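# Reading the structure
Chain by chain, the residues run as shown.
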Amino acid sequence: MKDTAVLYEKLSGALPPDRITQRDADLFVYSRDCWPKTIMWTEDGRRPYNPDAVVFPRNAGEVASVVKACAELDVPVIPYGGGSGVCGGVVPVKGGVSIDLKAMKSLHGIDPVNLVAEVDAGIMGSHIEEKLNAAGFTLGHFPSSIMCSTVGGWLAARSAGQCSSRYGKIEDMVVGLEAVMADGRIVRIKPPLIHSGGVDWNAILVGSEGTLGIITKAWLKVRPQPEHQRFLGISFPSLEAGLDAMREVMQTGLKPAVIRLYDPLDTFINKLHGSPQDSSLSSLMLDQQALFSVLMDETAGAMKLKAMNRMLRRPGIINRLASRLPGAVSMVTIFEGCKPVADAAHDAAVEIFLRHKGELKGEEPARYWMKKRYAISFKQMGVFRSGSVVDTMEVSAPWEQVPQIYHAVRKNLTSLAYVMCHFSHAYHDGCALYFSFATAAAERDAMYDRYDKVWSTALSTVQENGGTLSHHHGVGLSKSGLMLAEQGSLLGVFGSLKQRMDEPGIMNPSKLGL
Amino acid sequence: MDTWIDAFKEAFPQVPLNPMGDMPAEGLIRLAPAAMGNLPGWEVTPTSPSVVPEVLRWMARNDVNWCTTLQAAVEGPCDVYLSGARLPRREPRLQPKSHLVTADTGMSLGDLERWLNNHELTLAPIEASACDITLHQAISGEAFVEACLGGEALRDRVAAIGGILGTGFPFRTRAVPRAATGPDFKYLFFGNHAMRGLMLDVTLRAVPRRLGSPDLWRWLRTTSATAAASLLRRLAQDDYPWIALHSFPTDDNLWEVRMAYNRNHPLAEPMMDVWEESSELALQSGPLTASGGEVALPAAEGPWQIWAVSHASLRKLLGRIDDDLQINVFKPQHDHVLLRLCLPGYTGDDADSRLEEYCNNLMARRLYPHQAMGEALGDQREVSWLHDLNI
């Protein structure tokens, strides 16, 4: 966009002036999200992409007016929620107008019979959960970003919460959607609860990351707040035993709210991290890993961070040492719901764990995980300031492929990054592998190269071994280049679909491989 | 005379291309004789999966319109009918750990179910009358299968599909659980009568078939169908692993909710063995498959029944039932609700007592939001536990 004054004038016809900004500080904020590369850009003072304006509509009609105005000027629009995405999904690659939806933050109502809530897309995750809780309900969606992400962001990127094995991912909760299309039309998809015939447009809009339309409202399934919870920590002699137990739990039809398995390295490091309650196990279950917790501790001294940076430049040493660790792994489970069902499911799961040589460790590990589950996502900056980088990669695969993906990724990243993994979001037919990695390089440019190399190596390894690019972070900009390998000829279908639905070609361009 | 015929025969001498009238009655004519006037004049029969892409690419290049289902044929215009019933049907491939089975869409639901049973797996309770339809018919004409699988659409079991786009290019979605890699493109092909492409194979999630695990049945008596429906809804919303619901009348104007749960295994056990040969219990598929969200239940000539095999589908069904209740679809002389429950992880008396405790707890605390339910179940004297019914 060359003439920002013309853009401002046009937007002024759609919104009051106090809800349009072109201040440089604001444009900077909306030029990035939490994709580690954008954090590196920030640390280095780089701003490769900037929006031309940021707007704050308060309802779908205002969003539609903005989109129409932008279509007339051929200016891209980028929906913006909490900015917590980690794939660059809101980076304004071709400039344009970032549409911050957080002023649309109402819970419009709850249908207590069919258990459906009508919510604005801009409402923050923790806020919607608090409102639902006040009425005796829960959405059951608890991403680690819940305090800084929105319902619209969840829907755009197919988010998963920590309790997805019981409540499903966000796409499983969608009953209907309202969205603003590229021509300014407001469409509502509110099908009956039972659906048959024709395209389910919810399934097309969810996950489209703003490339087809801007989701402004959703009808989501809610559940009564669980009356009862059962917590348990388990230790298994090997990763394979843990995975087999996890699979059997899911294929038996049990629905744990939480079932998370930590690989040997993760288990070992967490033991080192320690816990006041139980030095053997109860410290294991931080949402991300304890070593990263140490890395990310903002109170860590400069010397410590510098030493860590030097160590991370040679990850091969750490990884080789890690491969000699004992094979024991740890798991936490939480079953919840009405008491008889939660108790019965918990007890049935225990039988499975014992059959797979699991050693029961009591409630404390799972309770500790619950307490700390949001504790780590806000402590990354110290690592980046030390010149290192930390990132996470969440992929999923059928059960057959899970072990081979795990071993192949670890092997192929040995010389590139320190890496560990946990397994969560388990389903009947597979589960997610959540890799955490950290790396560093002596020179800043080399750091970017290494970061890109880690990602391209890891993702191509996953794809070659039968996994998918992403389980719940989405594609955004960071994985866009691999979408052809992921979708094959369907990427062309997606392109055709986008051409029809976004004739002006303004909806969040350059994302999802388009 | 269509000009493309000779060219096609020259390009694909090995692929049978016959006048439509020559095709054996495979359902098309039998189902819709009135539509015959609109049907395409020719039928092509794929002889192997490998030839289909070439055929469809050729048709795309030569502007020949093809269709695979009755609906698409009638809506036309179509030049050639590509028989879904004759699509390839090779031996299915199984990923045993993930319970994922990949089958050609020319295979029938019944054949696939039998194949799965041989591997100690099952797809779902499949009504006997649905066993002959192919996977392609089932998925591209999704509504029918929604009935076949007892209220759960077949799409809920589809992990991936592969096939040919209208342009002739092959496509394949990936059988990975819950990917976050853009829209779920499978949904472009479900229920669309192959208007966007032809599905040649499908990967489905099967579930273990638990043999030799008898079910335990209980009856819960309520005073109205509304109360029974509310009970079912509440059970579903509490994630009770029930299996199916049906309907039964009683003579004394009470409603009986029939419950059963599996003695030996926490998995919700499909009901195929119980129901598949029972025409009396067959679902009348029409009422529940109306598109556009409108329910059009026919005049009840006898009891109508509902099947469902998952919590999600129960929720869906109960949402629909609630709507129906407002227009008085439940008719006391015909309609009843039967709930089959499966209690996780417990056996025998233990399961019995837990289930009873659960229901009593619900009633004692008057958790039911529905007024009728409160009236029906507020007084526990109206609830009685009857003896096991082994069927």
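Residues numbered from 1 in each chain as written. Chains lettered and ligands numbered in written order. Predicted model: local features only at pLDDT ≥ 70, side-chain atom pairs only at ≥ 80, totals over all residues.

Another point: the overall build of chain B. When its secondary structure is counted, chain B shows 13 helices and 15 strands. Residues counted as buried form 52% of the 391 residues belonging to chain B. Residue pairs in contact within chain B that sit at least 24 positions apart in sequence constitute 75% of those at least 6 positions apart. (Helix = DSSP H or I, 4+ residues; strand = E, 2+ residues; numbered from the N terminus. Buried ≥ 20, exposed ≤ 12 C-beta atoms within 10 Å, placed from the backbone. Contact = placed C-beta atoms within 7 Å.)

Here we take up the overall build of chain A. Counting its secondary structure elements, chain A contains 21 helices and 18 strands. What you see for chain A is a C-alpha radius of gyration of 23 Å, in line with the 24 Å of a compact globule of 514 residues. Overall size of chain A, expressed as C-alpha extent along the three principal axes, is 65 × 60 × 45 Å. The buried share of chain A, reckoned over its 514 residues, is 60%. For chain A, the share of sequence-separated contacts (at least 6 apart) that also reach a separation of at least 24 residues comes to 75%. (Rg over C-alpha atoms; globule rule 2.2 N^0.38 Å.)

Let us now look at the sheet that holds strand 8 (residues 158-165) of chain B. Residue and element names in this part refer to chain B. Spatially, five strands are ordered 5-6-10-8-9 in an open sheet, and the strand pairing comes out antiparallel. Pairing within the sheet leaves two strands with one partner each, and these edge strands are strand 5 (93-95) and strand 9 (170-172). Each strand of the sheet is rotated relative to its neighbour by a mean of 15°, with strand direction disregarded. Examined bridge by bridge, strand 6 (residues 100-104) and strand 10 (residues 197-205) share five bridges and lie antiparallel to one another. In the strand pairing of strand 10, T102 is matched with T203. (Pairing = 2+ DSSP bridges. Axes fitted to C-alpha atoms, helices over the stretch in contact; angles between N-to-C directions.)

Residue and element names in this part refer to chain A. Axis separation between helix 1 (residues 4-12) and helix 4 (residues 60-73) bottoms out at 9 Å; the angle between their running directions is 145°. Pair helix 1 / helix 4 crosses with right-handed handedness. Across the interface between the two elements, L7, K10 and L11 from helix 1 touch V66, A69, E72 and L73 from helix 4. Grouping the amino acids of the contact of helix 1 with helix 4 by side-chain chemistry returns five nonpolar, no polar and two charged. (Left-handed = near helix turned anticlockwise from the far one by under 90°. Nonpolar A, V, L, I, M, F, W, Y, C, P; charged D, E, K, R; others polar.)

Turning to the sheet that holds strand 5 (residues 107-111) of chain A, a few remarks are in order. All names here are of chain A. If you walk across this open sheet you meet the five strands as 5-6-10-8-9, and the pairing is antiparallel. Pairing within the sheet leaves two strands with one partner each, and these edge strands are strand 5 and strand 9 (186-189). If you compare each strand with its neighbour and ignore which way they point, the axes differ by 15° on average. As defined by bridge partners, strand 8 (residues 174-181) adjoins strand 9 across four bridges and the pair is classed as antiparallel. In the sheet register, A179 faces strand 9, and the bridge partner there is V187.

The next thing to look at is the confidence of the model for chain A. Per-residue confidence for chain A averages 89 on the pLDDT scale, and 90% of its residues sit at or above 70. Between residues 192-197 of chain A, whose pLDDT stays under 50, and residues either more than four places distant or in other chains, the model counts 26 contacts. (pLDDT = per-residue confidence, 0-100.)

Below, the discussion takes up the pairing of strand 6 (residues 116-120) of chain A. Every regular strand shows the same layout, with side chains that alternate between the two sheet faces. Residue and element names in this part refer to chain A. Of all five residues in strand 6, four are buried, a share of seventy percent or more. When strand 5 meets strand 6, the two strands line up antiparallel, connected through four bridges. Looking across to strand 6, one finds that G109 is bridged to E118. Taking the residues that link successive antiparallel strands as the turn, the strand 5-strand 6 hairpin has four residues, and the phi of L115 there is positive, at about 60°. When strand 6 meets strand 10 (residues 213-221), the two strands line up antiparallel, connected through five bridges. By the bridge assignment for strand 10, A117 is matched with L220.

All names here are of chain A. Looking at chain A, the domain boundaries give domain 1 (4-100), domain 2 (107-224) and domain 3 (228-464). Each of domain 1 and domain 2 has a C-alpha centre, and the two are 23 Å apart. Those elements that place two or more of their residues in the side of domain 1 that touches domain 2 are helix 4 and strand 3 (77-80). With six residues, the single largest contributor to the side of domain 1 that touches domain 2 is helix 4. Along the lines of polarity and charge, the residues of the side of domain 1 that touches domain 2 split into eight nonpolar, five polar and one charged. (Domains from an automatic or database assignment.)

All names here are of chain A. Structurally, the position occupied by A117 is in strand 6. Expressed as a C-alpha distance, the spacing of A117 and L484, which sit 367 residues apart in the sequence, is 36 Å. Ignoring any residue separated from it by four or fewer positions in sequence, one finds A117 in contact with L107, I110, L132, L220 and V222.

All of the buried residues in helix 16 (residues 364-372) of chain A are E364, P365, A366, Y368 and W369 of chain A. Contacts from the buried residues of helix 16 of chain A go to strand 12 (228-236) and strand 14 (329-337) of chain A.

Moving on: the pairing of strand 12 of chain A. Residues and elements named next belong to chain A. With seven of nine residues buried, strand 12 lies mostly within the body of the structure. The pairing of strand 12 with strand 14 spans nine bridges and is antiparallel. Looking across to strand 14, one finds that R230 is bridged to F335. In this structure, strand 12 lies alongside strand 15 (residues 359-360), joined through two bridges in antiparallel fashion. Within the sheet, the bridge partner assigned to S235 lies in strand 15 and is E359.

Turning our eyes to something else, we now look at unusual backbone geometry. Residues and elements named next belong to chain A. Phi angles above zero are rare outside glycine, and K357 is one such case at about 65°. Positionally, K357 belongs in the loop between helix 15 (339-355) and strand 15. Overall, the presence of 14 C-beta atoms within 10 Å leaves K357 in the partly exposed class. Despite not being glycine, S510 has its phi angle at roughly 70°, a positive value. For S510, the location among the structural elements is in the segment after helix 21 (490-501).

Here the focus is the nonpolar core. The biggest cluster of nonpolar side chains holds 204 residues, and the ones touching the most others in it are V66, V67, I99, A218, L220, M246 and L433 of chain A. For L433 of chain A, the residues in contact, after removing those within four places along its chain, are V395, A397, V402, I405, Y406, C421 and F423 of chain A. (Core = buried A, V, L, I, M, F, W, Y, C linked by C-beta atoms within 7 Å.)

A separate point is the packing of helix 18 (residues 402-412) of chain A against helix 19 (residues 444-464) of chain A. Residue and element names in this part refer to chain A. Between helix 18 and helix 19, whose axes approach to 9 Å, the crossing angle comes to 155°. If you check the angle between helix 18 and helix 19, you find them roughly antiparallel. Between helix 18 and helix 19 lies a crossing of right-handed hand. Within the contact between the two elements, helix 18 uses I405, A408, V409 and N412 and helix 19 uses T457, A458, T461 and V462. Tallied by class, the residues present in the contact of helix 18 with helix 19 amount to five nonpolar, three polar and no charged. (Parallel < 35°, antiparallel > 145°, perpendicular 65-115°, else oblique.)

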